[in-house]
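Listed below, chain by chain, are the residues.
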Amino acid sequence: MGLLRAVLRHPSGRIGAAIILLFLVVAALGAIGLTPHDPLKQYVIDRLKPPSGTYWFGTDLLGRDTFSRLMLGIGESFLVAFASVAVAATAGTVIGLFAAWWGHLWDGILMRIMDVLLAFPAILLALLIVAIEGPGVATSITAIGIVYTPIFARVVRAPALALKGREFVEAARTFGSSQPYILSRHLLLNLVAPLTVQITLALAWALLTESGLSFLGLGTQPPAPSLGVMLAESKSMMTRAPWLMVFPGLTIMLAILGFNLFGDALRDILDPRTQERPA
Amino acid sequence: MTPLLSVKDLHVGFGRDPKANEVVKGVSFDLAAGETLAIVGESGSGKSVTALSINRLVDFGGGRITGGRITLQRGDGSMLDVTKADESALVRVRGSDIGMIFQEPMTSLNPVHTVGAQIEEAFKLNRGLTGSAATRAAKEALERVRIPDSAQRLKYYPHQLSGGMRQRVMIAMVIASNPRLLIADEPTTALDVTVQAQIMALLAELRGELGMSMIFITHDIGLVAGIADQIMVMQNGVAVEQGALDAVLDNPQHDYTRHLLKAVPHFNGGRAVRSDGSRVAGAAPVVRVDNLVVRFPAAKGLFARAAGAVHAVDGVSFDLVPGETLAIVGESGSGKSTTARAILGLVGTTRGRIDRASGRSPRPVQMVFQDPFASLNPRLNVESLLAEPAIAAGQRRDAKLRERMAFLLARVGLPDDALTRFPHQFSGGQRQRLCIARALMLNPEVVVLDEAVSALDVSVQARVLDLLIDLQREFGLAYLFISHDMAVVERIAHRIAVMYAGQLVEIGTAASVLSDPQHSYTKRLIAAVPAIERRKQVFTVDATQVPSLVRPKGYEPQPSRWREAGPDHRVRLETV
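Remember, it's a predicted structure, so these values are computed and weren't measured experimentally.

Draft legend 1. Focus on the overall build of chain A. Within chain A, the regular secondary structure consists of 11 helices and zero strands. When the elements of chain A are put in sequence order from the N terminus, they spell out α-α-α-α-α-α-α-α-α-α-α. Relative to its full complement of 279 residues, chain A shows a buried share of 49%. Carbon together with sulfur atoms contributes 71% to the accessible area of chain A, which is approximately 12,900 Å² in total. In chain A, 20 positive and 16 negative side-chain charges are present, and the distance between their average locations comes to 3 Å.

What follows is the structure in structure tokens.
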């Protein structure tokens, strides 16, 4: 694929892609059970062992292997992050596009609803939705998806409004082009760059929000590990077993860095005007 | 006597390796006090970079002076090599010795401060005036640039002033420091032709009053003819010809100068109109506009009802027959673009009829826009761009359609491999050819050309005009050619309609309207056209403004009365 090759030629894209690929491989291995130890099995003798040759990232209070649990947890957290961003990006783009295109009353109604949602802090709104629906993976996806929809709606609406007034859209009207054609070819296609940037940023935020929900016990349910669940379990032993907190925390940080680097590279490549001179 | 400014072998480069990416390659000139130098060239010739190097503003655009010397005689008689001066010295030079005005006055003025505050600031910084003394000085400066009601205008914000007024405010700010040198970078390019004439006359008068030197940068060799003492023609970073104005204009030595002088559309007062394809009596029109009225509601406040309406087009009637070019001329805000958009159905009509022939094409009227960079979607390749009108008309993207694309691309003079390329890979002229090809995809009867050549360099402009004339003959097209440039109109139009403040004031054959204008506005418009031949003529500053088009609710204009000024030449009677 040409696009992937272009990302790999991009210096920061290469690093970002490597980080994301690493996490995806790790998550895949975890999902098919190729972990060094059984992530749920409790090695009672080896409780709270620091990192060693046997237990690479140490063990927790119940004697479970942190590395194996991390492999599963990355998969769990990524699943929720990707799914919720897909929900948010789709819903937000549709709402933003139509608000800009129809204008006037529809613009007012749709964007005021988005403003109301945006007025709540992200984690509070997610908590509210989970509290209504009950905890679980599916509800976290819905909740995080709804929480980030207004941001996508805004990110799409402003440039869509500008594009709507551009001469090439006016030219399309003189040809009698259909609304779906104008919306997809002239508006959406020109929104690819801001959308990719937003998607990568949102992936990072969604990962954080998912961790937060799980940390509070409202996302992924123990004993299934997610990055947030692991952080929550580590907090009482922060001083005795710092590795329990450090490794999930580093994982979250590294994942966010990876998404951001990848997104920057994508933006440079997808914009045809910067194609000849990658930064 | 030492010159005010002496530039020796100037080299300016850009990017990481300025020596390798030189934009100005060894330019030298001397400028004596009180003299005016015009730097003429097309886009990319390095004329602006040369000028920006003189006050080292080029540094902020990423440029580096890689060689040469710029010696400026300062106010106290000391000599300063600008290329070696440090930033603090440069700030003083820019403030007090060298003033600069730019092309777009709206972006040069701060929109959140009144023009009075901005002029006062210039006086504070450069002359140390404060309080009422600064206000008085600002008022005098506005009077000096011939702005009426100066005390009132001080309280205006930039958006409340017209383009010409804003440029005058910029000039007022610059002369606040009483500079010894004024650099004007295309100061009238964004302005209407009559306003351009006003600004040029103002600059010429101020130069005499203040005794300053000027460097005038322009792409229009005809414009500087009336103001310059010396002229320097630039191409690809090199001065190909420089010398006294009359010598260069009357006896050009370099091929490029000759080419520029030839390419500039000369306005000949109706003697150079087209002789082909004149109107056949009784031909059925393809577009007939009858008493067209377009109004936009002008609301006051957020929830208030419309307090009045902008009368953008008021009672315009004309018809267009196959194979003919009707040019609509007028200034910005005269309603010429709105008329075109109404014919295409892009704006709703308030009253009146527009009849379009329903002949050979599903979409008989197509349009080419002014800015070829804005009217092509940057993310679609040429094939998708050209296919769009056909897809909109229900055709499929098949071999037959590709054949038509290839035919039209070849016809407008673009290479075959263009289909897979993207708009940014083409130059401005090529993009405009692309837009023309796209407009012809559905074999229309009428093409509306809205300032279609205004954004192009003069030599490109001439070739696109030739192409348009060829296409018109070949396909029997009718053109509705909207323009403010009388010289261009003279080359392409068969008939001319003059619009002023939303109304048609004169319509007739090109030859009769241009050679024998009847309406006072048409006369003013034609008198303002800059021309090399008219360089000895002295213009007076005329501050007439276009009246406001916002009318109270229920306002109806007086019914127009017309008189015949000749065969196919009608003039609206002027109310005194």
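There's more to say after this.
Draft legend 2. Broad picture of the interface of chain B and chain A. Counting residues at the interface gives 26 residues for chain B and 22 residues for chain A. Interface area lost by chain B to chain A is led by Arg379, Glu388 and His424 of chain B, which between them contribute 30%. Linking chain B to chain A there are one salt bridge. We note a salt bridge from Arg341 of chain B to Glu170 of chain A, for which the minimum N-O separation is 2.9 Å. Where chain B meets chain A, there are 10 residue pairs in polar contact (both at pLDDT 80 or more). At the level of secondary structure, the elements contributing two or more residues to the side of chain B that touches chain A comprise strand 15 (365–368) and helix 13 (382–392) of chain B. It is helix 13 of chain B that contributes the most residues to the side of chain B that touches chain A, five residues altogether. Partitioned by chemical class, the residues of the side of chain B that touches chain A number 13 nonpolar, six polar and seven charged.

Draft legend 3. Representation of unusual backbone geometry in the model. For His104 of chain A, which is not glycine, the phi dihedral falls at a positive 45°. Even without glycine at this site, Asp9 of chain B takes up a positive phi of about 50°. Mapped onto the elements of the fold, Asp9 of chain B is located in strand 1 (residues 5–14). Exposure remark for Asp9 of chain B: the relative accessible area of 42% places this residue in the partly exposed category.

Draft legend 4. Quick peek at a nonpolar patch on the surface. Residues and elements named next belong to chain A. A cluster of nonpolar side chains, contributed by Val116, Phe120, Ile123, Leu124, Phe215 and Leu216, occupies part of the molecular surface with about 520 Å² of accessible area. Within the secondary structure, Phe215 sits in helix 9 (residues 192–215). Taking relative accessible area as the criterion, Phe215 reaches 34% and is therefore assigned partly exposed.

Draft legend 5. Region of interest: the confidence of the model for chain A. Residue and element names in this part refer to chain A. Per-residue pLDDT for chain A has a mean of 86; in total, 95% of the residues score no lower than 70. Looking across chain A, the model is least confident in helix 1 (residues 2–9), with a mean pLDDT of 77, and most confident in helix 3 (residues 66–102), with 93. pLDDT under 50 marks residues 275–279. Its contacts with residues more than four places away, or in other chains, come to six contacts.

Draft legend 6. Region of interest: the pairing of strand 8 (residues 213–218) of chain B. Residues and elements named next belong to chain B. Within strand 8, six of the six residues are buried, which leaves the element mostly enclosed by the surrounding structure. Alternating positions in strand 8 separate into two faces, Ser213, Ile215 and Ile217 on one and Met214, Phe216 and Thr218 on the other, with burial throughout. Sheet topology note: the strand 3 (residues 36–40)/strand 8 ladder contains five bridges and is parallel. Residue Ala38 lies in a different strand from strand 8, and its bridge partner there is Phe216. Here five bridges tie strand 7 (residues 181–185) to strand 8, and the two strands are oriented parallel to one another. Looking across to strand 8, one finds that Ala184 is bridged to Phe216. Once the chain exits strand 7 it traverses helix 8 (residues 193–210) before rejoining the sheet at strand 8, and the crossover so formed is right-handed.

Draft legend 7. Focus on the sheet that holds strand 5 (residues 79–81) of chain B. Residue and element names in this part refer to chain B. What the four strands build is an open sheet, ordered 2-1-4-5; its pairing is antiparallel. Edge positions in the open sheet fall to strand 2 (22–31) and strand 5, since each of these has one partner strand only. The mean inter-strand angle of the sheet, taken between neighbouring strand axes irrespective of direction, is 10°.

Draft legend 8. Structural context of the pattern of salt bridges. A complete count under the given rule lists 29 salt bridges over all chains for this structure. In this structure, Asp59 of chain B engages Arg56 of chain B in a salt bridge whose closest nitrogen and oxygen atoms are separated by 3.0 Å. Via salt bridges that share partners, Asp60, Arg64, Arg69 and Glu233 of chain A belong to a single interconnected network.

Draft legend 9. Structural detail: the packing of aromatic side chains. Considering all chains together, one arrives at 13 aromatic pairs over all chains under this definition. Each residue in the set Phe23, Phe78, Phe82 and Phe259 of chain A is aromatic and connected to the rest through ring pairs, giving one cluster. Between Lys235 of chain A and the ring centre of Phe215 of chain A, over which it is positioned, the NZ or CZ distance is 5.4 Å. In this structure, Arg570 of chain B is placed above the aromatic ring of Trp562 of chain B, and the distance from its NZ or CZ to the ring centre is 4.8 Å.

Draft legend 10. Representation of the side chain of Asp81 of chain B within the structure. All names here are of chain B. Relative to the helices and strands, Asp81 is located in strand 5. Side-chain polar atoms of Asp81 contact the side chain of Thr83, separated by 2.7 Å. Aside from chain neighbours lying at most four places away, what touches Asp81 is Arg69 and Ile70.

Draft legend 11. Layout of helix 7 (residues 163–175) of chain B. Here helix 7 of chain B contains 13 residues, and its C-alpha end-to-end distance of 19 Å stays within 8% of the 18 Å for a straight helix at 1.5 Å per residue. In terms of residue burial, helix 7 of chain B counts as a mostly covered element, since 11 of its 13 residues are buried.

Draft legend 12. Quick peek at the environment of Gln518 of chain B. Along the chain, the position of Gln518 of chain B falls in the loop between helix 18 (510–515) and helix 19 (520–527). There is a polar contact of 3.0 Å between the side chain of Gln518 of chain B and the side chain of Asp516 of chain B.

Draft legend 13. Looking closely at the packing of helix 7 (residues 167–175) of chain A against helix 8 (residues 179–187) of chain A. Residues and elements named next belong to chain A. Their axes nearest at 11 Å, the elements helix 7 and helix 8 cross at an angle of 150°. Judged by the inter-axis angle, helix 7 sits roughly antiparallel to helix 8. With respect to the hand of their crossing, helix 7 and helix 8 are arranged in right-handed fashion. Side by side, helix 7 and helix 8 meet where Phe168, Val169, Ala172 and Arg173 of the first sit next to Ile182, His186 and Leu187 of the second. Counted by class, the contact of helix 7 with helix 8 contains five nonpolar, one polar and one charged residues.

Draft legend 14. Spatial organisation of the sheet that holds strand 15 of chain B. All names here are of chain B. If you trace the eight strands from one edge of the open sheet to the other, you get 15-16-17-13-18-19-22-21, paired in mixed fashion. Sheet topology places strand 15 and strand 21 (562–566) at the edges, where each strand pairs with a single neighbour. Mean inter-strand twist for the sheet, computed between neighbouring axes without regard to direction, equals 20°. Where strand 15 meets strand 16 (residues 446–450), four bridges bridge the pair, whose relative direction is parallel. Each bridged residue has a counterpart across the sheet, and for Val368 the counterpart in strand 16 is Leu449.

Draft legend 15. Summary view of the environment of Val12 of chain B. Residue and element names in this part refer to chain B. Tracing the backbone through its elements, the reader meets Val12 in strand 1. Accessibility expressed as a relative area gives 0% for Val12, which makes it buried. The residues touching Val12, leaving out its near neighbours within four places in the chain, are Asn21, Glu22, Val23, Val24, Val49, Ser53, Val58, Arg64, Ile65 and Thr66.

Draft legend 16. Region of interest: helix 11 (residues 255–263) of chain B. Every buried residue belonging to helix 11 of chain B is among Tyr256, Thr257, Leu260, Leu261 and Ala263 of chain B, and all of these are buried. On the buried face of helix 11 of chain B, the contacting elements are strand 3, helix 9 (221–224), strand 9 (230–235), strand 10 (238–244), helix 10 (245–250) and helix 16 (458–475) of chain B.

Reading the values: rules and limits
Residues numbered from 1 in each chain as written. Chains lettered and ligands numbered in written order. Predicted model: local features only at pLDDT ≥ 70, side-chain atom pairs only at ≥ 80, totals over all residues. Heavy atoms only, no water. Helix = DSSP H or I, 4+ residues; strand = E, 2+ residues; numbered from the N terminus. Buried < 20%, exposed > 50% of the residue type's maximum accessible area, 1.4 Å probe, protein only. Areas by Shrake-Rupley, 256 points an atom, 1.4 Å probe, with all protein chains shown as cover. Lys, Arg positive; Asp, Glu negative; His and termini not counted. Charge placed at Lys NZ, Arg CZ, Asp CG, Glu CD. Contact = heavy atoms within 4.5 Å. Buried area = accessible area lost by both parts, 1.4 Å probe. Salt bridge = Lys/Arg side-chain N within 4 Å of Asp/Glu carboxyl O. Polar contact = N/O pair within 3.5 Å; in protein donor to acceptor, adjacent residues only side chain to side chain. Nonpolar A, V, L, I, M, F, W, Y, C, P; charged D, E, K, R; others polar. Patch = residues over 30% accessible without salt bridge, like charges linked within 9 Å, V, L, I, M, F, W, Y side chains within 5 Å. pLDDT = per-residue confidence, 0-100. Pairing = 2+ DSSP bridges. Right-handed = clockwise from strand over helix to strand, strands pointing away. Axes fitted to C-alpha atoms, helices over the stretch in contact; angles between N-to-C directions. Phe/Tyr/Trp six-rings, centres within 6.5 Å; stacked < 30°, edge-to-face > 60°. Lys NZ or Arg CZ within 6 Å of the ring centre and 35° of its normal. Expected span 1.5 Å × (residues − 1). Parallel < 35°, antiparallel > 145°, perpendicular 65-115°, else oblique. Left-handed = near helix turned anticlockwise from the far one by under 90°.

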